[in-house]
There are 2 protein chains.
Amino acid sequence: MDHSPFRVSARPGDRIAELSTPRPIIDETRLAANIERAQRYFDEHGIAFRPHIKTHKIPALARAQVEAGARGINCQKITEAEVFAEAGFDDILITFNIIGDEKIARLKALNDRISALKVTADSAETVKGLADAFTAERPLAVMVECDTGAGRCGVQTPEAAAELAALIAAQRSLRFAGLMTYPRPAGHEAVQAFFTRALALLAQAGIDCPVVSSGGSPSLFEAHLAPVVTEHRAGTYIYNDRSLIRAGHCGQGDCAMHILATVVSRPTADRAVIDAGSKALTSDLLGFADHGLVIGYPEAVITGLSEEHGVIDLSACGAERPRIGQKLLIVPNHTCVISNLFDEMVFHRDGVVTRVEPVAARGLVW
Amino acid sequence: MDHSPFRVSARPGDRIAELSTPRPIIDETRLAANIERAQRYFDEHGIAFRPHIKTHKIPALARAQVEAGARGINCQKITEAEVFAEAGFDDILITFNIIGDEKIARLKALNDRISALKVTADSAETVKGLADAFTAERPLAVMVECDTGAGRCGVQTPEAAAELAALIAAQRSLRFAGLMTYPRPAGHEAVQAFFTRALALLAQAGIDCPVVSSGGSPSLFEAHLAPVVTEHRAGTYIYNDRSLIRAGHCGQGDCAMHILATVVSRPTADRAVIDAGSKALTSDLLGFADHGLVIGYPEAVITGLSEEHGVIDLSACGAERPRIGQKLLIVPNHTCVISNLFDEMVFHRDGVVTRVEPVAARGLVW
C-alpha cells in the first residue's frame, strides 16, 4: 500500500524535536548497546543466539544482529520468513505450527529456496500434514515444541516430546531438528527438568537431538541457568520496553524505542491529552495499569487511550506540567506490537535523524 | 509498503472456508443492513449523519454511506482526510486539535483543495495557531470541542465554549462552524444541558451556531434524546463488534466483521491455540476480561493473546470441541483498531469472496 503523496517521512538530518507526531523513534546508541550486550552474554556462556525479528521486522537490524554474532533468525510466521529470505537470510526458524494447503505450499517453496529452514510442531496432525507435502530429496527440518509452563503451544510431557520426535524421525520427508520451548519468565528450572528428561528418552531411542532451543527477553541474562539449552531466541531485548524494565532485564536508559507525541490539549489543570492513542502505543497493558512512561514526568500516568488520543493524569505531578504544543517522549509498555503498526521506523542519534528503515515485514496477513 | 511477492490476497470467487488465516472478513449483507438501519434512524429523526471513517478507512465504504444519505464524513487526523480528499470527498470534519507547523501547512493545502473542511479546537492556543496560518480569502472553519463528560478533550463549561467561539469568530482567517462533543455513552442529558446553555450564551453574543455535533456508536439509536443536536458522528456501527452488543446497540447477527482463524494446536483437552493473536485481534479489551466471541462455541473463552497466538479455554465447552486445522470465526471486542492492522479487507456473501478493498488510510503516521 504505497500512499506516497500522504507519506510523512523523516529525512536524515531532520531534528527529532521537529518531527510531526505521533511516531516511534529509535535511539541508535542504545540500539547498538542492546545488540552488543546480549551477544556478549551469549558468547561468554557458549549459547547460540537466534534473535526473533518480530520485534523490529527490519532486515537491516537483523543483519546487525547477525554481524554481532547471532546465528540465524527466528520468525513467527511464513510471510515474515519470506520477506527475510528475500533480504538474503538463509538460516530461519519459524516457531509456529504450519497448517493448511496454501501455507504448506509456501513453506515448501521457501524450503527449496534457502538452505537452513526449520519449523516447529506440537502434534501428530501437524507433523503428518508436513510429511505429506515434503520429499526425501529436500526434507523439512522440524523441531518439537514443548510446553514447559507457559501454557501456550507444546507437547505436555518429555515422553510426548520423545514420541513426536520419533514420529518426525520416521518420516523420510522430514528431519528431526531438536527441541524448542517458549518458557515462562524465570522458568529455567522447568526448562532444565523437561529437556533433561526428554534428552534421556531420545538417547534411549537412538535419536540425535542437535538443538535445544529456549527463549524470551525478560530472563535473557539468566539463560545459562538451564545448561541443557544450546540456543536462545529473543526479540524485545533489541529495543527494550517497560515490561523488560519491570522484569529486571534492563533500565530506563536502555530503552531504545520511544513514542514521540505532542500535547494537543490541557482541558484541566490535572489532565493532558496527547496525540498518541492505541493506534500508536497499542492497548497492550502487559499487566500494567497504565500505558507507558512519560520521560521527564515520572508522576504522570497515561490512564486511558482512545484510538488517536492519550489521556494523561497529571494530578501527582509538580507545578511544572506539559504545555499545549510540547513534545513528549514515552517509553511504551510493549515494543513488538508497535513495530507492526508503522510502515517505517525513524532512527536518531544526538537528536538528529540518522536513517529511516522500511518495516519490511509489517502487517503481513499470515 | 508494497510487498506484492508476499501479498496473500483473496480473489472474488474464493471460498471463505479456504482462505489462509488469520484475517478479518466482512459480511456484505450485514454491512449493507448496518448502513441502511442507522441512516433510516437519522432520517426519521431529522438528524444529519456524518460517519466516522476511522472504523473502515476504505473510500468505497464511505461512498456507500454517503449514497445511503450521510452528509459528509468524519476523520480523526489530517492524513485520513488527505486520503479521502484524494478519493473525491469534499465535506470532511477532522475532530482533532491540529498543532504544529507541518500539520498546519498540510491542513492549509487541504483547505485550498476541498470546499467543506472543518476542524475542532478546545483551547485559545490551538485557535491562535490556526488563525496565524490561514487567510481571510480562504478561511478555515473551526468548531469548538466541548467536554460533556467523557473526560478527554474539550472546553469544560458552556461559558468557556462561548468564549472560545467568540475568539474564533473574531478571527478573519477563521469561521466559527459550531459546537462538537464526543460524549459518554448514554450521556444525552449532559449533552443536552451543556449545549442548550452554550447556545443561549452564543445567541446573547450574536454568534450564529450552524451545527451542534454529537457522536458515538453505543448510544447511536438514542441520539434523538438530545434534541439540540443537529448532527451525529459514528464509526463502529458499520461493522459492529462485541462492545456494541454489550451496549445494546446491536445483536450478534449484526456483526459484519469476523476474524477468521485456524486452530493450530490442542495441547490439552481444555486448551486450543489459534493463529490469531494481538496482531490480528489487538489487545483492546474495552472492559471485557477476554478477547472475543467464538462463533459456534459460546462457552469458549479467549483467555490470552500473544502476538501471533490466541489461547482458548475450552473447559466450559461440551464434548464437541474445535480440532486442529479447523477454522473458527471470532467476533472481536473492537473493530476500529483491527482495520488499522491490515492493508486489505476481504468482503464476502454466502461464503464466497465478493471483493477485496485496500484499507487506504491504514497506518498513516499522523
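By the naming in an unreviewed UniProt entry, chain A is Alanine racemase, taken from Xaviernesmea rhizosphaerae. The UniProt entry for chain A carries the following text under Sequence similarities (unreviewed entry): "Belongs to the DSD1 family."

Visitor: Explain the overall build of chain A here, please?
Guide: Counting its regular elements, chain A contains 10 helices and 17 strands. Relative to the globule expectation of 21 Å for 366 residues, the C-alpha radius of gyration of chain A, 22 Å, shows essentially globular dimensions. Overall, the C-alpha framework of chain A stretches about 70 × 45 × 35 Å when taken along its three principal axes. Here chain A, with 366 residues, has 61% of them falling under the buried criterion. Considering only residue pairs separated by 6 or more positions, chain A has 68% of its internal contacts joining residues 24 or more positions apart. Total accessible area on chain A is roughly 12,600 Å²; 51% of this is exposed by carbon and sulfur atoms.

Visitor: For this particular structure, what's the right way to read the relation of the copies chain A and chain B?
Guide: Taken together, a rotation about one axis and a shift along it account for how the two chain copies relate. Superposition record for chain A on chain B: RMSD 0.0 Å, screw rotation 180°, translation along axis 0.0 Å. Taken together, the rotation and translation describe the operation of a two-fold axis.

Visitor: Whenever I open this one, the nonpolar core confuses me. Can you help?
Guide: Looking at soluble globular proteins, one finds that nonpolar side chains tend to be buried together. Within the largest apolar cluster, 204 residues are counted, with the highest numbers of intra-cluster contacts made by Ile 92 and Ile 94 of chain A together with Ile 92 and Ile 94 of chain B. Discounting residues that sit within four places of it in the chain, Ile 92 of chain A has contacts with Arg 50, Ile 73, Cys 75, Ala 81, Phe 84, Ala 85, Ile 114, Ala 116, Leu 117 and Lys 118 of chain A.

Visitor: Explain the pattern of salt bridges here, please?
Guide: A side chain with one charge can pair with a side chain of the opposite charge if their charged atoms come near. Using the criterion set out here, one finds 42 salt bridges over all chains in the structure. Ionic pairing is found between Asp 290 of chain A and Arg 242 of chain A, a salt bridge with its closest N-O pair at 3.2 Å. Remark: Arg 242 of chain A occurs in helix α8 (residues 242-246) and Asp 290 of chain A occurs in the loop between α9 (278-281) and β12 (292-294); sequence separation between them is 48 residues. It is possible to trace a salt-bridge network through shared partners that takes in Asp 343 and Arg 362 of chain A together with Asp 343 and Arg 362 of chain B.

Visitor: How should the confidence of the model for chain A be read in this particular structure?
Guide: Detail in the predicted coordinates should be disregarded across regions flagged by low pLDDT. Per-residue pLDDT for chain A averages 95, and the proportion of residues at 70 or more is 98%. Here the predicted complex carries an ipTM of 0.93, next to a pTM of 0.94.

Visitor: Looking at this structure, I do not really get unusual backbone geometry. What am I missing?
Guide: Note: most peptide bonds trans; most residues except glycine with negative phi. Residue and element names in this part refer to chain A. Put simply, Thr 21 and Pro 22 share a cis peptide bond, and its omega is 5°. Its identity is not glycine, yet Leu 286 carries a phi of approximately 50°, on the positive side. One can find Leu 286 in the loop between α9 and β12. For Leu 286, a relative accessible area of 32% corresponds to the partly exposed category.

Visitor: Teacher, can you tell me more about the sheet that holds strand β2 (residues 48-51) of chain B here?
Guide: Across a sheet, paired strands are connected by hydrogen bonds in the backbone, their directions being either parallel or antiparallel. All names here are of chain B. Here we have 8 strands laid out as an open sheet, ordered β2-β9-β8-β7-β6-β5-β4-β3, and parallel in their pairing. Only two strands of the sheet have a single neighbouring strand rather than two, namely β2 and β3 (73-75). Taken over all neighbouring pairs, the strand axes of this sheet differ in orientation by 30° on average, direction set aside. Bridge count for β2 against strand β9 (residues 231-234) is 4 bridges, and the pairing is parallel. Looking across to β9, one finds that Arg 50 is bridged to Arg 233.

Visitor: What should I look at first to understand the packing of aromatic side chains in this one?
Guide: A ring pair, where both rings are aromatic, is described by two values, the distance of the centres and the angle of the planes. As enumerated under the stated definition, the model contains 12 aromatic pairs over all chains in all. A ring pair is formed by Phe 194 of chain A and Phe 195 of chain A, whose centres lie 6.2 Å apart and whose planes are at 85°; its orientation type is edge-to-face. For the pair Tyr 41 of chain B and Phe 42 of chain B, a centre-to-centre distance of 5.1 Å together with 70° between the ring planes defines the contact as edge-to-face. One exposure class covers both Tyr 41 of chain B and Phe 42 of chain B, and it is buried. An aromatic cluster is built from Tyr 41, Phe 42, Phe 49, Phe 221 and Tyr 237 of chain A, whose rings are joined through pairwise contacts. Note that Arg 152 of chain A overlies the ring of Tyr 182 of chain A, its terminal NZ or CZ placed 4.5 Å from the centroid. A cation over a ring is seen here: Arg 242 of chain A above Phe 288 of chain A, with NZ or CZ 4.2 Å from the ring centre.

Definitions and cut-offs
- Residues numbered from 1 in each chain as written.
- Chains lettered and ligands numbered in written order.
- Predicted model: local features only at pLDDT ≥ 70, side-chain atom pairs only at ≥ 80, totals over all residues.
- Heavy atoms only, no water.
- UniProt positions renumbered as here; feature names shortened; annotations may be inferred.
- Helix = DSSP H or I, 4+ residues; strand = E, 2+ residues; numbered from the N terminus.
- Rg over C-alpha atoms; globule rule 2.2 N^0.38 Å.
- Buried < 20%, exposed > 50% of the residue type's maximum accessible area, 1.4 Å probe, protein only.
- Contact = heavy atoms within 4.5 Å.
- Areas by Shrake-Rupley, 256 points an atom, 1.4 Å probe, with all protein chains shown as cover.
- Least-squares fit on C-alpha atoms with pLDDT ≥ 70 in both.
- Core = buried A, V, L, I, M, F, W, Y, C linked by side-chain atoms within 4.5 Å.
- Salt bridge = Lys/Arg side-chain N within 4 Å of Asp/Glu carboxyl O.
- pLDDT = per-residue confidence, 0-100.
- Pairing = 2+ DSSP bridges.
- Axes fitted to C-alpha atoms, helices over the stretch in contact; angles between N-to-C directions.
- Phe/Tyr/Trp six-rings, centres within 6.5 Å; stacked < 30°, edge-to-face > 60°.
- Lys NZ or Arg CZ within 6 Å of the ring centre and 35° of its normal.

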